[in-house]
Amino acid sequence: MSATFGGRSGRQGKLSQWLLGRRPKEAADDGGREAQLLAAAAAGLPLAPAAHPAPGYRCSCDRVGCPTPARHPVSFAWQTQSTTDRAQIERWARHQPQANFITATGMTHDVLDVPLEAGREALARLLADGVEVGPVAESDDGRMLFFTLTRGTPEDEDEWWPCELDCHPETMDEHPGLRWHCRGSYVLVPPARLPGDDDQRVRWVRGPEHPLPDPLSLLEVLTDACARYGDHSGTAWPLRH
């Protein structure tokens, strides 16, 4: 495992301070919603409409006690509905102006989902080390999303690491808080709005114009950061769908 990143200096230390010290809302301007959705689709991220916030920390689905308000697809057929087709996404965006959008993982891309502070440290370290990092999004509810190439379909089904559980790579210990979204999962794609009194959002830190990297090129740094932040807090990070 890598040494503690906080002890480094120079260019890397400055980059770390900038990423760790800035406020999330300074990362990116949400800009044009439709343009951002089309850019994500053009980068190969399949999209489908999702719920959006309703007054009183409620969800637009009107389900009583919705467990994931504004964070879930509107259709049970979201996996087959997800598309990169420009015309279809334009129709959805214009006919559903308040809708969030999800991107289905395990088709062309996966997402490594980590606690925000651990993700910021890991991102600073990866960039300073010259690692090719792809698109990265952060959410005001405390998560950072690293978009990567998909692992594909292994011949051995036991090689799948279920996204409902913490990841257990063969060569690493358990790292609470890291979630690997692959086949059968999804994440919100920016720009997205979250429930709450404040202007809670999901936004790009690095946009979809960045090529998707191999997930294994990021995994050690992310698991290292998650493990150390977990040790410092003394708690297990919550997992989200």
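Calculation notes
Residues numbered from 1 in each chain as written. Predicted model: local features only at pLDDT ≥ 70, side-chain atom pairs only at ≥ 80, totals over all residues. Heavy atoms only, no water. Buried < 20%, exposed > 50% of the residue type's maximum accessible area, 1.4 Å probe, protein only. Helix = DSSP H or I, 4+ residues; strand = E, 2+ residues; numbered from the N terminus. Pairing = 2+ DSSP bridges. Phe/Tyr/Trp six-rings, centres within 6.5 Å; stacked < 30°, edge-to-face > 60°. Lys NZ or Arg CZ within 6 Å of the ring centre and 35° of its normal. pLDDT = per-residue confidence, 0-100. Contact = heavy atoms within 4.5 Å. Axes fitted to C-alpha atoms, helices over the stretch in contact; angles between N-to-C directions.

Undergrad: Please clarify how the pairing of strand 6 (residues 136-139) should be interpreted in this entry.
TA: On any regular strand, side chains alternate: one points to one face of the sheet, the next to the other face. Taking every second residue as pointing to the same face, both faces of strand 6 are buried, with V136 and E138 on one and A137 and S139 on the other. Judged from the four bridges that link them, strand 6 and strand 7 (residues 143-149) form a sheet pairing that is antiparallel. Within strand 7, the residue paired with A137 across the bridge is L145. Note: strand 6 against strand 11 (residues 201-206), four bridges, orientation antiparallel. From the neighbouring strand, A137 faces strand 11, where its bridge partner is W204.

Undergrad: Can you help me understand the packing of aromatic side chains in this one?
TA: Two aromatic rings are characterised by how far apart their centres lie and by the angle between their planes. What the rule picks out here adds up to three aromatic pairs. Sitting over the ring of W180, R151 keeps its end group 5.7 Å from the ring centre.

Undergrad: Before we go on, may I ask you to explain the confidence of the model for the protein chain in this structure?
TA: A low pLDDT score tells you not to read the predicted coordinates there in detail. Per-residue pLDDT for the protein chain averages 80, and the proportion of residues at 70 or more is 72%. Across the protein chain, strand 1 (residues 47-50) holds the top mean pLDDT of 98, while helix 1 (residues 10-21) sits lowest at 44. Considering only residues more than four positions removed or in separate chains, one finds that residues 1-30, a stretch of pLDDT under 50, has 61 contacts. In this model residues 234-241 is a low-confidence stretch, pLDDT under 50, and it forms 24 contacts with partners more than four residues away in sequence or in other chains.

Undergrad: What is the right way to read the sheet that holds strand 1 from this model?
TA: The strands making up a sheet associate through backbone hydrogen bonding, with each pair oriented either parallel or antiparallel. The strand order 1-4-9 describes an open sheet built from three strands, whose pairing is antiparallel. Single-partner strands in this sheet number two, and they are strand 1 and strand 9 (186-189). Direction aside, the axes of adjacent strands within the sheet are offset by 40° on average. Inspection of the sheet shows strand 4 (residues 100-104) paired to strand 9 by four bridges, in the antiparallel sense.

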